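# Examination of the molecular architecture
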Amino acid sequence: MNTTKLQYRGVPYVASKQENPPSAPVEHIYRGQHYAASLNHEAAPRDPGLEFQYRGHAYHH
């Protein structure tokens, strides 16, 4: 079986390999703000009272 080698910004990766991001903090800068946070995080808890508006429609969790 032949696997296609993919690259993103010069970093090779295999699309079929499922990786979990490490829980160690990664230092980076985004829009001038310095961050040192893990790439792996838990999803925020659902808030049933929160309402989203998208293209004129209301959505609830």
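What counts as what
- Residues numbered from 1 in each chain as written.
- Predicted model: local features only at pLDDT ≥ 70, side-chain atom pairs only at ≥ 80, totals over all residues.
- Heavy atoms only, no water.
- pLDDT = per-residue confidence, 0-100.
- Helix = DSSP H or I, 4+ residues; strand = E, 2+ residues; numbered from the N terminus.
- Buried < 20%, exposed > 50% of the residue type's maximum accessible area, 1.4 Å probe, protein only.
- Pairing = 2+ DSSP bridges.

### Section: the confidence of the model for the protein
Summing up the model confidence of the protein, the mean pLDDT is 79 and the portion of residues at 70 or higher is 87%. Mean pLDDT in the protein bottoms out at strand β2 (residues 11–13), which sits at 75, and peaks at strand β5 (residues 51–54), which reaches 89.

### Let's talk about the environment of A15
On the secondary structure map, A15 appears in the loop between β2 and β3 (25–30). Classification of A15 by relative accessible area gives exposed; the value is 56%. Between the C-alpha atoms of A15 and K5, which are ten residues apart in sequence, the distance is 8.3 Å.

### Examining the pairing of strand β6 (residues 57–60)
Where β5 and β6 come together, four bridges link them in antiparallel fashion. Residue pairing for β6: E51 is matched across the bridge by H60. Hairpin remark: β5 followed by β6, antiparallel, with two residues in the connecting loop; positive phi at R55, about 50°.

### What to know about the pairing of β3
Of all six residues in β3, zero are buried; the element is thus mostly exposed. Pairing analysis gives six bridges linking β3 to strand β4 (residues 33–38), with the strands arranged antiparallel. Across the sheet, the residue bridging to V26 is A37, located in β4. Hairpin geometry of β3 and β4 is characterised by an intervening segment of two residues between the two adjacent antiparallel strands and by a positive phi of about 50° at R31.

### Let's talk about unusual backbone geometry
Non-glycine residue R31 carries a positive phi angle of around 50°. With respect to the helices, strands and loops of the structure, R31 is situated in the loop between β3 and β4. Taking relative accessible area as the criterion, R31 reaches 75% and is therefore assigned exposed. We note that R55 has phi near 50°; this positive angle belongs to a residue other than glycine. You can see R55 is positioned in the loop between β5 and β6. Exposure remark for R55: the relative accessible area of 71% places this residue in the exposed category.

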